[in-house]
Amino acid sequence: SAYDKYEDLIADPEIDLVDICLSNDQHEAVAIAALRAGKHVIVEKPIATDPKAADRMVAAAEKAGRLLMVAQVLPFFPEFRFAAECIASKKYGELRAAHFRRVISPPKWSGDMSDFRRLGGWGIDLHIHDNHFIRLACGMPRAVQSQGLLQESFVNHVHTQYVFDDGPIVTAVSGGICAEGLAFAHGYELYFDDATVVFAAGTVGGEWCVDRPLSVIAKGKVQHPKLKGGAEWCSAFTAELQTAVDAIRTGTPAPLLS
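As the structure is a computational prediction, the values presented were derived from the model and not from experiment.

What counts, and at which threshold
Note on numbering: residues in each chain are counted from 1, in written sequence order. Confidence filtering applies because this is a predicted model: local features only for residues at pLDDT of at least 70, side-chain atom pairs given and counted only at 80 or more, and all residues used for totals across whole chains, interfaces and linings. Values reported for side chains reflect all heavy atoms of the structure, with hydrogen atoms and water molecules removed beforehand. Joining through side-chain atoms within 4.5 Å is the link that ties buried Ala, Val, Leu, Ile, Met, Phe, Trp, Tyr and Cys residues into a set, and such a set is a nonpolar core. Between buried and exposed lies partly exposed: a residue is buried under 20% and exposed over 50% of the maximum accessible area for its type, with that area taken using a 1.4 Å probe on protein chains only. Each helix is a run of DSSP H or I of at least 4 residues and each strand a run of E of at least 2, with the numbering of both proceeding from the N terminus. Any two residues whose heavy atoms approach within 4.5 Å at even a single point are treated as in contact. Lining residues are those with an atom within 4 Å of a point, where the points come from a 1 Å grid over the protein atoms alone and group into cavities, where a 1.4 Å probe fits but cannot get out, or pockets, open sets with protein on both sides within 12 Å along at least five of seven lines. Grid points are joined across faces, edges and corners, and a volume is the space filled by probe spheres set on the points. Under the convention adopted here, Pro, Cys and the residues Ala, Val, Leu, Ile, Met, Phe, Trp and Tyr are nonpolar, Asp, Glu, Lys and Arg are charged, and Gly plus all remaining residues are polar. By this definition, two strands are paired if DSSP reports at least two bridges between them. Think of each axis as a best-fit line through the C-alpha atoms, taken over the contacting stretch in the case of a helix, with angles from 0 to 180 degrees between the N-to-C directions. In this analysis, the expected span of each helix is defined as 1.5 Å times one less than the number of residues it contains. The disulfide criterion used throughout: a pair of cysteine sulfur atoms within 2.5 Å.

## Examining the nonpolar core
With 27 residues, the main nonpolar core has Phe 100, Tyr 188, Leu 190 and Val 197 as its most contacted residues. Breaking this core down by element, the ones donating at least two residues are helix H4 (78-89), strand S4 (95-104), helix H7 (122-138), strand S7 (169-175), strand S8 (182-192), strand S9 (196-204) and strand S10 (207-218). No other element matches the five residues that H4 contributes to this core. Ignoring sequence-local partners within four residues, the contact set of Tyr 188 consists of Glu 79, Phe 80, Ala 83, His 99, Phe 100, Val 197, Val 198, Phe 199 and Leu 214. Grouped together as the second largest cluster of nonpolar side chains are 19 residues, Ile 32, Leu 35, Ala 54 and Val 70 included.

Here you go:
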């Protein structure tokens, strides 16, 4: 079914789950309305541009007894799933250091995305992907240290170091200040005891460019692991939504969408 107004959608008794993909500054009102209507909610990251708004959303979910899930899609991308599995299994030994990158040029293609104020800053909107993944794969850091570029008090570019007492050295860079022509780029470098794992890709000059396909470099040789998951561009998003559906069916919050 299609609806002209979201109020009609959340009033439909046949709907169990509402997926909110609006601009970040519009998440709160629709999420709380859906939760109060008895719907489970999955909302795009970051869930709000103001911590107090996020707290209100969490409180509404607790009061309604419904799941409030965050659409953190990065762990569902095959290259990042592989990275997380390598860290958890220690198949190449301990992770000693890691660096993550996620950068864009100002997104003129979208009226909503182009206004960094509505997003809470391009840096925040992007950085939360790798923040979530690092927390998931490496554990909770004792502290973080960041240096960023502000525009009208919003973070539009940021470099962060994550401090682990007994863990790896981890850094990440995110932001929206690339020159036009570098629309998007992401990837990582992981330094294990017995191997280095690298991946880099992005949209350069209007074309998708894989700078470095997923590569495991060990003992002087380079291997390109066969990845799990679908090959379609939307496969990660499909897996993310299926995880949300499974969480509702089992009544158990999904750690990947926490």
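Now, onward.
## Here's the deal with the layout of surface pockets
Estimates place the volume of the largest pocket at around 1,200 Å³. Around the largest pocket, the lining comprises 45 residues; the ones closest to its centre are Val 73, Phe 77, His 129, Phe 184 and Phe 237. Counting residues per element, the ones that place at least two in the lining of the largest pocket are H4, S4, helix H5 (111-114), H7, S8, S9, S10 and helix H8 (235-250). Tallied by class, the residues present in the lining of the largest pocket amount to 28 nonpolar, nine polar and eight charged. Size it by volume and the second largest pocket reaches roughly 450 Å³. Around the second largest pocket sit 17 residues that line it, and Pro 46, Ile 47, Ala 48, Ala 54 and Ile 128 are the ones nearest its centre. Mapped by element, the contributors of at least two residues to the lining of the second largest pocket are helix H3 (51-64) and H7.

## Details of the sheet that holds strand S3 (residues 68-71)
The sheet built from three strands is open, its strands ordered S1-S2-S3 with parallel pairing. In the strand order of this sheet, the two ends are held by strand S1 (17-20) and S3, each with one partner. If you compare each strand with its neighbour and ignore which way they point, the axes differ by 20° on average. By the bridge criterion, four bridges tie strand S2 (residues 40-44) to S3 in an arrangement that is parallel. Counted as the bridge partner of Val 41 is Leu 68 from S3. Strand contacts of helix H2 (residues 27-36): S1 and S2, with the helix running at about 165° to S2, the strand carrying the most contacts.

## Some words on the environment of Ala 183
One can find Ala 183 in strand S8. In this structure Ala 183 comes out as partly exposed when scored by relative accessible area, which is 36%. Separated by 175 residues in sequence, Ala 183 and Asp 8 have C-alpha atoms that sit 36 Å apart. Setting aside anything within four residues of it in sequence, one finds Ala 183 in contact with Val 103, Ile 104, Ser 105 and Thr 203.

## Regarding H2
Every buried residue of H2 is accounted for by His 27, Val 30, Ala 31, Ile 32, Ala 34 and Leu 35. In this structure, the buried side of H2 is in contact with helix H1 (6-11), S1, S2 and H3.

## Observations concerning H4
For H4, with twelve residues, the first-to-last C-alpha span of 16 Å sits near the 16 Å given by 1.5 Å per residue. Along H4, the positions that sit buried rather than exposed are Pro 78, Glu 79, Phe 80, Phe 82, Ala 83, Cys 86 and Ile 87. Looking at the packing, one finds that the buried side of H4 touches S4, H7, S8, S9 and S10. Backbone geometry just after H4 places Lys 90 at a positive phi near 60°.

## Description of the state of the cysteines
Two cysteines, two sulfur atoms, one covalent bond between them: this is a disulfide. Considering all chains together, one arrives at zero disulfides under this definition. A disulfide-free cysteine, Cys 21 has its sulfur positioned 14 Å from the sulfur of Cys 234, the nearest such atom. Assessed through its relative accessible area of 53%, Cys 21 is described here as exposed. Counting only cysteine sulfurs, Cys 209 is the nearest neighbor of Cys 178, a cysteine outside any disulfide, at a range of 14 Å. Note on Cys 178: relative accessible area 15%, which makes it buried.

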